[in-house]
Amino acid sequence: MYFNLTLNEAKQYISPTCQFPNYGQNCSLSIQQIQKEFSVTILILNNTWFYAYTILDDDNYEIVVENENSLFGISIISFDNINITALPSFFLNFIVLKSDRDQQQISLSNTKQSSNSIYIIGLYNFNSTQIQKITITITNSIKNEEFPFWATMLLLSIVIFGLILFIIILSNFRQQYKKLTQIKPALDRKVFQKFMPTLKIDSKMISETCSVCLVQFELKEKYCQTPCQHYFHQQCLLDWTTKQANCPVCRQGLLENEIIQLLEAKSNRNRETKELNIQEAIKSKDNPPQSQTYRDLPFLQLSSSPSRTQYKIELDNSPQAGNSPQIIQFDGSPQNLTNRNLCFQSDVIVESQN
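Values in this document were obtained by computation on a predicted structure and should not be read as measured data. (Residues numbered from 1 in each chain as written. Predicted model: local features only at pLDDT ≥ 70, side-chain atom pairs only at ≥ 80, totals over all residues. Heavy atoms only, no water.)

### Observations regarding the environment of Asn140
Turning to step 1, where the next piece is worked out: Note that Asn140 resides in strand β11 (residues 132-140).
Turning to step 2, where the next piece is worked out: Sequence separation between Asn140 and Glu37 is 103 residues, and the spatial gap between their C-alpha atoms is 7.5 Å.
Turning to step 3, where the next piece is worked out: Setting aside chain neighbours within four positions, we find Asn140 in contact with Glu37, Asp59, Asn60 and Tyr61. (Helix = DSSP H or I, 4+ residues; strand = E, 2+ residues; numbered from the N terminus. Contact = heavy atoms within 4.5 Å.)

The structure is reproduced here in structure tokens:
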């Protein structure tokens, strides 16, 4: 498909003495101002120019043009400061807007040193028969490229949530790894601390020796006492109960149920001893002790023998075996009696003459 496009510059009546923003014959027309960040819809007569201007700062902007598939041309010129009006034309930065697109963008880059620049925009309607509608919007291109605030906050929240979740997972993993790799002691440490609390060695224990390391206790060292009344260095007992849950000396079980049974047995023995002492005290009060009858003692019979003329008996009547044995000799000849009675008299054993 081929077509011929003929560009004819419209007759412009610009007075060289027109002050900005006026233009036209006798400076009777005024260039319309377009504010940035606003959309403006303009109706342009056929084969006619439309002029507008905008004042922009030193940021980069772009013009978004919606020409609704109509054939338009656009020319843009810029000034730092303008006193006499200058209008765009076909020969100054003229661009033909394609009619096969609904929307097009044109960049406005501020290359001048001034903080504010004046851009004059000229739009030309190529349609020779009817009025065409066009919409232009001047926007900050940097702002358009910036990420939306809500999206930034959403991403920041997701990152923070992910970081917290990662810390929680890492903490749980470390705890599980510690449980799997740590050697479980034979004696629970809670039971150890409950029944064998840590104490400090005083002067009374200096002569004692730890049965695990075989080293004497020193002042202000830490030690533990088992329920079976044995003393050990705290670390020695901890190391021992890591592998074995019993006392290093007497092998008394140190599990919680075993300790409870031991303490209950001790309590029962103490209670029974106390009750027995009370009963004996009451009995001795009601029935005073009587003199001992020697007839109730064991009877020792000695037989005579032609080959033995004397018997020798060693008797130890000391309760603690702390005294020398008492020696009693008997004549075993046939002329003497063979039956002898032994009895206590003044805490010694003598022969009874009865």
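What follows continues from the structure just given.
### Let's talk about the confidence of the model for the protein chain
Turning to step 1, where the next piece is worked out: Looking at the protein chain as a whole, the pLDDT averages 77, with 71% of positions reaching at least 70.
Turning to step 2, where the next piece is worked out: Predicted confidence is poor over residues 291-311, with pLDDT under 50, and the contacts of this stretch with residues over four places away or in other chains come to 43 contacts.
Turning to step 3, where the next piece is worked out: Contacts of residues 317-322 to residues separated by more than four positions or lying in other chains number seven contacts, the stretch itself having pLDDT below 50. (pLDDT = per-residue confidence, 0-100.)

### Topic: a nonpolar patch on the surface
Turning to step 1, where the next piece is worked out: The grouping of Phe149, Met153, Leu156, Ile160, Ile164 and Ile168 at the surface amounts to a nonpolar patch, some 590 Å² of accessible area in total.
Turning to step 2, where the next piece is worked out: Relative to the helices and strands, Ile160 is located in helix α2 (residues 149-181).
Turning to step 3, where the next piece is worked out: Classification of Ile160 as partly exposed rests on a relative accessible area of 44%. (Patch = residues over 30% accessible without salt bridge, like charges linked within 9 Å, V, L, I, M, F, W, Y side chains within 5 Å. Areas by Shrake-Rupley, 256 points an atom, 1.4 Å probe, with all protein chains shown as cover. Salt bridge = Lys/Arg side-chain N within 4 Å of Asp/Glu carboxyl O. Buried < 20%, exposed > 50% of the residue type's maximum accessible area, 1.4 Å probe, protein only.)

### Here's the deal with unusual backbone geometry
Turning to step 1, where the next piece is worked out: Of note, the amide linkage connecting Phe20 to Pro21 takes the cis form, showing an omega dihedral of 10°.
Turning to step 2, where the next piece is worked out: Along the chain, Pro21 falls in the segment before β1 (22-23).
Turning to step 3, where the next piece is worked out: Phi is positive for Asn47, which is not a glycine, with a value near 50°.
Turning to step 4, where the next piece is worked out: Tracing the backbone through its elements, the reader meets Asn47 in the loop between β4 (39-44) and β5 (49-56).
Turning to step 5, where the next piece is worked out: For Asn47, a relative accessible area of 34% puts it in the partly exposed group.
Turning to step 6, where the next piece is worked out: Phi at Leu214 takes a positive value of approximately 60°, unusual for a residue other than glycine.
Turning to step 7, where the next piece is worked out: Relative to the assigned elements, Leu214 resides in the loop between β12 (198-200) and β13 (222-225).
Turning to step 8, where the next piece is worked out: We classify Leu214 as exposed; its relative accessible area is 66%.

### Some remarks on the sheet that holds strand β10 (residues 117-125)
Turning to step 1, where the next piece is worked out: Here five strands make up an open sheet; going across it, the order is β3-β5-β10-β7-β8 and the pairing mixed. Unpaired on one side and paired on the other, β3 (32-33) and β8 (94-97) mark the two borders of the sheet.
Turning to step 2, where the next piece is worked out: For β5 and β10, the ladder comprises eight bridges, and the chain directions are antiparallel. Considered in β10, the bridge of Ile55 is made with Ile118. (Pairing = 2+ DSSP bridges.)

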